[in-house]
Amino acid sequence: MITDARALRLGFVPQDLEHRDGQIDYLSTIFEPLRNGRKGEHVCIHGPSGAGKTTLAKYTLDQLKSQTFGIRWGYVNCMSDSAPGSVLFELVRDAGLGRDLRREGTPTAAALDYFRNSEDQIVLVIDEVDVLDDIQTLLALYEQPNVTLVCITLDQIEWLTDMDPRAESRFRCIESLQLDKYSYDELVDILESRVSHGLIRSRVEDRAIETIADISAGDARHGITLLRRSARH
């Protein structure tokens, strides 16, 4: 019954993002300077787990990159490894720079040079930014003239409260985008879309989708995980 397993993976970015039109428009507006070769506005996307924060950022940047020359973007999830050197390494590599960069033994300044020496505007998505060990890395990226930061966290206020005062004064002034949990009907639509992309629709009962949406309680990540497990079973 599985026709495209990619549609049931958490990292999958759909061609159409359900129920986030206003948020897409907001991000597109603050990224507008990038279309003209200028740095965009730094932004913090925050909200509960499963609200689509990461998918929203990736979707909007995919759309921007497809329509504009001279833009690169990279992504890192700090939960996988929050050490400053590892985070910077992943960002450089995911942005398509520093193919010769070594994970170990490369000074931070040398890694930052890959961004500084690029002729492109670069957007860096830092997921679970609140677990990043060293705020100095974040500050260094903040100051780069051609780098725009997208910081993703559950609670923006808590993230800022735990921050060094010198950094807090900077990051309190960046743009802020809060996402709320999906409603039951919105989550049904999201699951329907994943089913259409990845499963034989006639094999999936409406009741099954509705039950998964009800159990997931607004958490799209949980809902997609349950859908994938159900399809496997």
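One can find the structure itself at the top, above this paragraph.
Residues numbered from 1 in each chain as written. Predicted model: local features only at pLDDT ≥ 70, side-chain atom pairs only at ≥ 80, totals over all residues. Heavy atoms only, no water.

A. Spatial organisation of the nonpolar core. Ranked by size, the top nonpolar core spans 32 residues in total, and within it Phe115, Ile126, Leu138, Leu141, Leu149, Trp159 and Phe171 carry the most contacts. Setting aside residues no more than four positions away along its own chain, phenylalanine 171 makes contact with Leu138, Leu139, Tyr142, Leu149, Cys151, Trp159, Leu160 and Met163. By size, the runner-up hydrophobic cluster in this structure holds 23 residues, among which are Ile30, Leu34, Val43 and Val125. (Core = buried A, V, L, I, M, F, W, Y, C linked by side-chain atoms within 4.5 Å. Buried < 20%, exposed > 50% of the residue type's maximum accessible area, 1.4 Å probe, protein only. Contact = heavy atoms within 4.5 Å.)

B. A look at the packing of helix H8 (residues 184-198) against helix H9 (residues 206-216). Where H8 meets H9, the closest approach of the two axes is 9 Å, and the angle between their N-to-C directions is 130°. Taken as axis vectors, H8 and H9 run oblique relative to one another. Handedness of the crossing formed by H8 with H9: right-handed. From H8, Tyr184, Leu187, Val188, Leu191, Glu192 and Val195 reach across to H9, where they touch Asp206, Ile209, Glu210, Ile212, Ala213, Asp214 and Ser216. For the contact of H8 with H9, the per-class residue count stands at eight nonpolar, one polar and four charged. (Axes fitted to C-alpha atoms, helices over the stretch in contact; angles between N-to-C directions. Helix = DSSP H or I, 4+ residues; strand = E, 2+ residues; numbered from the N terminus. Parallel < 35°, antiparallel > 145°, perpendicular 65-115°, else oblique. Left-handed = near helix turned anticlockwise from the far one by under 90°. Nonpolar A, V, L, I, M, F, W, Y, C, P; charged D, E, K, R; others polar.)

C. Region of interest: H8. Between its first and last C-alpha atoms H8 spans 21 Å; for 15 residues at 1.5 Å apiece the expected length is 21 Å, and the two agree. Within H8, burial applies to Leu187, Val188, Ile190, Leu191, Ser193, Arg194, Val195 and Gly198. Lining the buried residues of H8 we find H9 and helix H10 (220-232). (Expected span 1.5 Å × (residues − 1).)

D. A negative patch on the surface, seen in detail. Together, Asp130, Asp155, Glu158 and Asp162 make up a negatively charged patch on the protein surface. Positionally, aspartate 155 belongs in the loop between strand E4 (147-153) and helix H6 (156-161). The class for aspartate 155 is partly exposed, based on a relative accessible area of 36%. (Patch = residues over 30% accessible without salt bridge, like charges linked within 9 Å, V, L, I, M, F, W, Y side chains within 5 Å. Areas by Shrake-Rupley, 256 points an atom, 1.4 Å probe, with all protein chains shown as cover. Salt bridge = Lys/Arg side-chain N within 4 Å of Asp/Glu carboxyl O. Lys, Arg positive; Asp, Glu negative; His and termini not counted. Charge placed at Lys NZ, Arg CZ, Asp CG, Glu CD.)

Structural measurements only, silent on function.
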